[in-house]
Amino acid sequence: MLDSYARNTVQPIIHRGAIVLHKAGLSANAVSWIAMTLGVGSAAVFLAGYPAAAVVMLWLSGYLDAVDGTIARMTKPSKWGNVLDIVFDRIVEGAMMSALVLAYPGANAPLILSLAGILVVVTTFLVTGNVIENSGIKGFHYNPGILERTESFAFFTVMMLFSSVAFAAAWIFFSLLVLTAIKHLWDVYTWLKRHGA
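Residues numbered from 1 in each chain as written. Predicted model: local features only at pLDDT ≥ 70, side-chain atom pairs only at ≥ 80, totals over all residues. Heavy atoms only, no water.

**Quick look at the overall build of the protein**
Consideration 1: When you go through the protein residue by residue, the secondary structure sums to 8 helices and 0 strands.
Consideration 2: N-terminal to C-terminal, the α/β element order of the protein is α-α-α-α-α-α-α-α.
Consideration 3: Computed over the C-alpha atoms, the radius of gyration of the protein is 17 Å, within 12% of the 16 Å expected from 2.2 N^0.38 for a compact globule of 197 residues.
Consideration 4: Relative to its full complement of 197 residues, the protein shows a buried share of 42%.
Consideration 5: Across the protein, contacts joining residues at least 24 apart in sequence account for 77% of those joining residues at least 6 apart.
Consideration 6: Side-chain charges in the protein split into 12 positive and 10 negative, and the spacing between the mean points of these groups amounts to 6 Å. (Helix = DSSP H or I, 4+ residues; strand = E, 2+ residues; numbered from the N terminus. Rg over C-alpha atoms; globule rule 2.2 N^0.38 Å. Buried < 20%, exposed > 50% of the residue type's maximum accessible area, 1.4 Å probe, protein only. Contact = heavy atoms within 4.5 Å. Lys, Arg positive; Asp, Glu negative; His and termini not counted. Charge placed at Lys NZ, Arg CZ, Asp CG, Glu CD.)

**Considerations on the nonpolar core**
Consideration 1: Membership of the largest hydrophobic core comes to 33 residues, with the highest contact counts inside it found for Leu100, Leu111, Phe156, Met159, Met160 and Phe173.
Consideration 2: Elements that contribute at least two residues to this core include exactly helix 3 (28-47), helix 4 (51-74), helix 5 (79-103), helix 6 (108-131), helix 7 (149-161) and helix 8 (166-194).
Consideration 3: The element that contributes the greatest number of residues to this core is helix 5, accounting for 9 residues.
Consideration 4: Among residues more than four places away in sequence, those in contact with Phe156 are Leu58, Met96, Met97, Leu100 and Phe173.
Consideration 5: Of all hydrophobic cores here, the second largest spans 11 residues; its members include Ile14, Ala18, Ala35 and Ala72. (Core = buried A, V, L, I, M, F, W, Y, C linked by side-chain atoms within 4.5 Å.)

**A short note on the pattern of salt bridges**
Consideration 1: Evaluated as defined, the whole model comprises 5 salt bridges.
Consideration 2: Residue Asp65 is joined to Arg149 by a salt bridge in which the shortest nitrogen-to-oxygen separation is 3.2 Å. Of this pair, Asp65 sits in helix 4 while Arg149 is found in helix 7, placing the two residues 84 residues apart along the sequence.
Consideration 3: Judged by its relative accessible area of 11%, Arg149 falls in the buried class.
Consideration 4: Two residues, Arg149 and Asp89, come together in a salt bridge whose shortest N-O distance is 3.5 Å. Of this pair, Arg149 sits in helix 7 while Asp89 is found in helix 5, placing the two residues 60 residues apart along the sequence. (Salt bridge = Lys/Arg side-chain N within 4 Å of Asp/Glu carboxyl O.)

**Notes on the packing of helix 4 against helix 5**
Consideration 1: Closest axis-to-axis distance for the helix 4/helix 5 pair is 11 Å, and the angle between their directions is 170°. On the basis of their axis angle, the class for helix 4 and helix 5 is roughly antiparallel. Facing helix 4, whose interface residues are Leu58, Ser61, Asp65 and Asp68, helix 5 presents Asp85, Asp89, Val92 and Met96.
Consideration 2: When grouped by side-chain class, the residues that make up the contact of helix 4 with helix 5 number 3 nonpolar, 1 polar and 4 charged. (Axes fitted to C-alpha atoms, helices over the stretch in contact; angles between N-to-C directions. Parallel < 35°, antiparallel > 145°, perpendicular 65-115°, else oblique. Nonpolar A, V, L, I, M, F, W, Y, C, P; charged D, E, K, R; others polar.)

**Some points on the side chain of His141**
Consideration 1: Assignment of secondary structure puts His141 in the loop between helix 6 and helix 7.
Consideration 2: Side-chain polar atoms of His141 contact the side chain of Asn143, separated by 3.3 Å. (Polar contact = N/O pair within 3.5 Å; in protein donor to acceptor, adjacent residues only side chain to side chain.)

Coordinates in, geometry out; function isn't part of it.
Written as structure tokens, this is what we have:
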């Protein structure tokens, strides 16, 4: 939800970062690669026993993931950039979930269910984006969800820093993923009904 409704609040900070990196000669796709590498590195650093450093890397990855789209819109957005953005996001989420599964065997049930939940949410999100007519600045219709990237990173942060609550946090995370998938399906269903499709 925060990705959709708080974007205007943080966009000036994202825009400043985009200007700096663009002037440094980095393309949007190059920033996407850096963001993905940092995100995967965060999972590795967490498993190596440095949760605080992992959290910093994760949020820097998330920031750059927002910056790359701004750079693209400042220059020339590309379909390939859209593809990289979606695929790299899933790689980072998969790496983080895998790290958490390895770190917390006692929480494997909700964590593995959450990994499956991410798969379903992404599917419903992409289907919704493909069906509903795009009127935004992104390459396809971006349907707001209850649980989006910022909320996911917040849950990852809590689970990495506070092992004692990982089990409960993972169940809450999974529950919100289920609600998000339902919301996406409901949104596309009501849009289709309104448009007689």
